[in-house]
Number of protein chains: 2
Amino acid sequence: MSIRIGIYGYGNLGRGVELAVQQNSDMTAVGVFTRRDPKTVQTCTGIPVFFAGDAEKMTEDIDVMILCGGSATDLPKQTPILAEKFNVVDSFDTHAKIPEHVKNVQAATEKLGKTALVSAGWDPGMFSLARLYGGAVLPNGKDYTFWGKGVSQGHSDAIRRIEGVVDAKQYTIPLENALTAVRSGQNPELATDEKHERECFVVAAEGADKARIEREIKTMPNYFADYKTTVHFISLEELREKHGGLPHGGVVIRSGVTGVDNQHKHVIEYGLKLDSNAEFTASVLVACARAVYRMHQEGNAGCKTLLDVPPAYLSPLSREELLAKLL
Amino acid sequence: MSIRIGIYGYGNLGRGVELAVQQNSDMTAVGVFTRRDPKTVQTCTGIPVFFAGDAEKMTEDIDVMILCGGSATDLPKQTPILAEKFNVVDSFDTHAKIPEHVKNVQAATEKLGKTALVSAGWDPGMFSLARLYGGAVLPNGKDYTFWGKGVSQGHSDAIRRIEGVVDAKQYTIPLENALTAVRSGQNPELATDEKHERECFVVAAEGADKARIEREIKTMPNYFADYKTTVHFISLEELREKHGGLPHGGVVIRSGVTGVDNQHKHVIEYGLKLDSNAEFTASVLVACARAVYRMHQEGNAGCKTLLDVPPAYLSPLSREELLAKLL
């Protein structure tokens, strides 16, 4: 009764999902689906590789399809298409467009009564949960999300899609004085650009117009336009040497008050320190696949997010084990 | 369409619930139920006081009853009785007895199809959620819960129930070297008494047998028997002056690895710094009452814990607001 997982897209995130499935004894990875020639793709653990276009022939073989494409162009198209025939999980992370994405995926799930969970990962995802729980239990308060220091894959991908860019890495960096003020319970008002800066390391193609690339980065809506952004052009060699990893992290802080005279301060802090952003995101997606499988088994169809999932559905432990050992 | 809340028991926790309800515009506190003479009880916000025995006449007036008694003797009896006729929330926190409590409350809810949520608060409660989410997303890892430094109400209450004790405060204190080892990702094996110590400040009645009181504290199962415990006998005056507050806090840390060679470390840390343990616990109970109300409206009856609650049910925000602003 293993949960059969399909992996749609095979970059860093797809490889992370493949490895994460191996850590969960109640799941099996059926295979990877790629738009490349399957013969050219070698998986980490030797699972089969199929052509993406053949996925729809395998609806009977897969319980949950985990989509591992990018949010900029892949997921807005792929998730609604696949949610017509599969239970799906994705990591769509363009915050401003989540309502539209949920609406599109919801409509797709309704065709055959499938279950989808979108915008999973750590932000949106685990950080969203931290914001929700913090606000629910401390309504008289404020919350703050700080990212980094770390590489944002979404932002790096967005730079790579610009014409003339060979490769790129983007670091999100929290501003230390802002973090200190928030942890002390001062509840400061902080605009987006007063909490973080964005630092970009970009490899330009030979002869590319660097001024245009820099302008396109700095004015990109949702991704960079609202932030202080620094762009460094470096060689491919330097990028690989100094910026090879994908670390990330951050904190969500809820600071609130209670009491007759609001005299009692409370600070809730949820923090992540991640050596590999993609592998941690993948681990969240895999836990979500378990929840999607269970919700679908119970006839709970439609487009969900982590905010809709009873936490116990994410865990391999039985209710008895949870009550006895974990609660 | 305000959610009508009853408050059963009126000590620190009951007062905290009364104040927390005021922070939530979708709720109204109907009144306090006490075993004392109602005429002798003055509420913080002027809400009515009823005799506990009259609660069952008010089943039509209350949507959710929040139980604010202690775990040692009150809740094991009261929650099952009240769950027959009311939707209820409690903060039962004797970890070893949670499965039995859930079973008793479940049976009670089945009489009239009521909804109960037990063992809410911060541990069990928010910390249980942190343990569950951490374990679900990092299965190849370990988790650690540290409490304090802070006053444990449950442990202080347990001391106060001992014959000859006038009043008492118990501090739970994390051992710093253990905390440092865990945060560094060393994943040490730590026995219960290698993570914390317990320090008790006790006011004995005149002529009471202090040696017997100290022995009863140190051998009390579930509460003290497994810990290094220090007992100080002090005057009532000193207790009020130096140990008047109810601060608490702690952290849940999940440390795990991913990657082809388990080469990537990840550390998740959920931390609380609370000026008032009772008021924070009360704030959690009130958010849970909202979830209980919604689950009951949907016909979802039975005995739940926070692990069973879709997070969105705790929030006053609509699904549209959550997707647009919080996810």
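Residues numbered from 1 in each chain as written. Chains lettered and ligands numbered in written order. Predicted model: local features only at pLDDT ≥ 70, side-chain atom pairs only at ≥ 80, totals over all residues. Heavy atoms only, no water.

Thoughts on the interface of chain A and chain B
Residue-level contacts link 63 residues of chain A with 63 residues of chain B. With both chains or domains summed, chain A and chain B bury close to 5400 Å², and 64% of this area falls on carbon and sulfur atoms. Contact with chain B buries surface across chain A, with Gln23, Tyr133 and Leu327 of chain A losing the most and accounting together for 14% of the total. At the junction of chain A with chain B, the criterion picks out two salt bridges. A salt bridge links Asp308 of chain A to Arg319 of chain B, with the nearest nitrogen and oxygen atoms 2.8 Å apart. The interface formed by chain A and chain B holds 27 residue pairs in polar contact (both at pLDDT 80 or more) in total. For the side of chain A that touches chain B, the secondary-structure elements that each account for two or more residues are helix H3 (98-109), helix H4 (126-137), strand S12 (248-258), strand S13 (264-274), helix H9 (277-297) and helix H10 (319-326) of chain A. A total of eleven residues in the side of chain A that touches chain B trace back to one element, the largest contributor, which is S13 of chain A. Tallied by class, the residues present in the side of chain A that touches chain B amount to 36 nonpolar, 18 polar and nine charged. In this structure, S13 of chain A lies alongside strand S13 (residues 264-274) of chain B, joined through nine bridges in antiparallel fashion. (Contact = heavy atoms within 4.5 Å. Buried area = accessible area lost by both parts, 1.4 Å probe. Salt bridge = Lys/Arg side-chain N within 4 Å of Asp/Glu carboxyl O. Polar contact = N/O pair within 3.5 Å; in protein donor to acceptor, adjacent residues only side chain to side chain. Helix = DSSP H or I, 4+ residues; strand = E, 2+ residues; numbered from the N terminus. Nonpolar A, V, L, I, M, F, W, Y, C, P; charged D, E, K, R; others polar. Pairing = 2+ DSSP bridges.)

Thoughts on the relation of the copies chain A and chain B
One copy of the chain maps onto the other through a rotation about an axis followed by a shift along the same axis. Here chain A sits on chain B after a turn of 180° about the axis and a move of 0.0 Å along it, with an RMSD of 0.1 Å. What we have between these two chains is a two-fold relation. By residue overlap, the copies meet face to face through one surface: 100% of the interface positions of chain A are interface positions in chain B. (Least-squares fit on C-alpha atoms with pLDDT ≥ 70 in both.)

Thoughts on the side chain of His266 of chain A
Mapping His266 of chain A onto the fold places it in strand S13. Within the structure, the side chain of His266 of chain A is placed 2.9 Å from the side chain of Thr258 of chain A, a separation counted as a polar contact. The residues contacting His266 of chain A, other than those within four sequence positions of it, are Leu138, Arg254, Ser255, Gly256, Val257 and Thr258 of chain A together with Lys273, Leu274, Asp275, Ser276 and Phe280 of chain B.

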